[in-house]
Amino acid sequence: MADETKDIPEARPAADRKLGNEWSDWDGAVESQWALNEDQRVFIGFAFLSLLFVLLCGGLIYYMIAPRLEGWHHLLASVVLVALLAAGAAVVLWFCALALPLLTGRRLHWRVEPVQRSFHLLLPLVFRLGRRFGISRDRMGNSFVNLSNALVRGARINTGSGPLLVLLPHCLTVDSRRGIQALAERYGALVHTVPGGEKARKLIHDHRPSRIIAVACERDLVAGLQDVAPVIPTFAVPNCRPEGPCKNTTVDLRRIEEALILLSPSR
C-alpha cells in the first residue's frame, strides 16, 4: 500500500505561543543564523543604489516634460536642467560625505541628527531594493542598526541632561533580563520592559532620558530608531532568536555592557 502521507505538506509547528507572539509572516521555521551581524556597508551600498534610482527617475521626468518647457520659453528647459544637475550633484556629494567616514571608521565632523534623517529618508526604498536582490528585511534591518550604532559611537553625547534608559522586549528570557538588570545597576541606568512602541514612547516622555539603549528584533528597532534616534542618541542591540521570533529571546550581554560604557557619563 502506497504511503498516503508523503505528499502532505509538513504542518507548521504547534508552538506554545500566545496570540500575536510571532511575526505575521513567520513560517514556523527557526532561523539557521538567529544572531545576525550584517555589515553596515550593505545598507550604505543599497542606499547609494536607491539614491541613484531616485536621480534617474528625476532625469526621466525631465526628459518627458522638456518639450513642454521649451514650448513655454526656449531657455526654461535649460534652466531646469541646470538646477536638476546641481541638486543631483549636491545630493551625491552629501551622501558621500556621510558614507565615507562611516566606511573608514573616522569621526563625523557634524551633528548626527541630520545624518540620521538623511538615511531614514531612504529606508523604504532601500528595503524594497534589497528584497529584489535577495536581502531579507531582517538582514537589511540589522545592517541599518549597525550603521546607526556607528553614528552613536562617533557622536558627542551630552550625558548630564537626563538618565540613561534601557528598554527591553517582553520576550526576553529571565536570565537575560537579570543579567541586564545587574549591568544597569552597575552603571546607574534605568531598566524597563515594554510590550510595544506606545508604552516605550510613554516611558521616554515620563523619564526624559538623554540617551537610550534598546533591545528588540530588527523590525522593532528600525521603527524605534526612526521615531527616537534623531532626537535622543539611541544604541540598538538586536536580540537573538533561537526559538523563533517573540519567544525566549536572548541578548549578548557584552554588547549591552559596551553600550552602557559608551553612554555612561565617564566615557
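**A word on the packing of aromatic side chains**
Inspection of the entire model under this criterion finds 5 aromatic pairs. Taking the centre distance of 5.6 Å and the plane angle of 35° together, the rings of Phe-48 and Phe-95 count as tilted. On the criterion of sequence distance, the pair formed by Phe-48 in helix α1 (residues 40–72) and Phe-95 in helix α2 (residues 76–104) is long-range, its members being 47 residues apart. Using a relative accessible area of 30% as the deciding quantity, one classes Phe-48 as partly exposed. Through a chain of ring-to-ring contacts, three or more aromatic side chains come together here, namely Phe-43, Phe-48, Phe-95, Phe-119 and Phe-144.

**A word on a positive patch on the surface**
Taken together, the side chains of Arg-128, Arg-131, Arg-132 and Arg-137 present a region of like positive charge at the surface. The leading source of residues in the positive patch is helix α3 (residues 112–132), at 3 residues. Following the sequence through the fold, Arg-137 ends up in helix α4 (residues 137–153).

**Remarks on the packing of α1 against α4**
The geometry of α1 relative to α4 is characterised by a closest axis approach of 7 Å and an angle of 100° between their N-to-C directions. As judged from the angle between their axes, α1 and α4 are roughly perpendicular. Within the contact between the two elements, α1 uses Gln-40, Arg-41, Val-42, Phe-43, Ile-44 and Phe-46 and α4 uses Met-140, Ser-143, Phe-144, Asn-146, Leu-147 and Ala-150.

**So, helix α7 (residues 218–228)**
For α7, every residue scored as buried is listed here: Glu-218, Arg-219, Leu-221, Val-222, Leu-225 and Val-228. Where α7 is buried, its residues meet α3, α4, α6 (197–207), β3 (211–216) and β4 (234–238).

**Considerations on the sheet that holds strand β2 (residues 190–194)**
The sheet built from 4 strands is open, its strands ordered β2-β1-β3-β4 with parallel pairing. Every other strand in the sheet has two partners, leaving β2 and β4 as the edge strands with one partner each. Averaged over neighbouring strand pairs, the angle between their axes works out to 20° when direction is ignored. Here strand β1 (residues 164–169) runs beside β2; their pairing, made up of 5 bridges, is parallel. Within the sheet, the bridge partner assigned to Leu-165 lies in β2 and is Leu-190. In this fold helix α5 (residues 174–187) packs onto β1 and β2, with an angle of close to 180° to the strand it touches most, β1.

Each value, and the rule that gives it
Residues numbered from 1 in each chain as written. Predicted model: local features only at pLDDT ≥ 70, side-chain atom pairs only at ≥ 80, totals over all residues. Heavy atoms only, no water. Phe/Tyr/Trp six-rings, centres within 6.5 Å; stacked < 30°, edge-to-face > 60°. Helix = DSSP H or I, 4+ residues; strand = E, 2+ residues; numbered from the N terminus. Buried < 20%, exposed > 50% of the residue type's maximum accessible area, 1.4 Å probe, protein only. Patch = residues over 30% accessible without salt bridge, like charges linked within 9 Å, V, L, I, M, F, W, Y side chains within 5 Å. Areas by Shrake-Rupley, 256 points an atom, 1.4 Å probe, with all protein chains shown as cover. Salt bridge = Lys/Arg side-chain N within 4 Å of Asp/Glu carboxyl O. Lys, Arg positive; Asp, Glu negative; His and termini not counted. Charge placed at Lys NZ, Arg CZ, Asp CG, Glu CD. Axes fitted to C-alpha atoms, helices over the stretch in contact; angles between N-to-C directions. Parallel < 35°, antiparallel > 145°, perpendicular 65-115°, else oblique. Contact = heavy atoms within 4.5 Å. Pairing = 2+ DSSP bridges.

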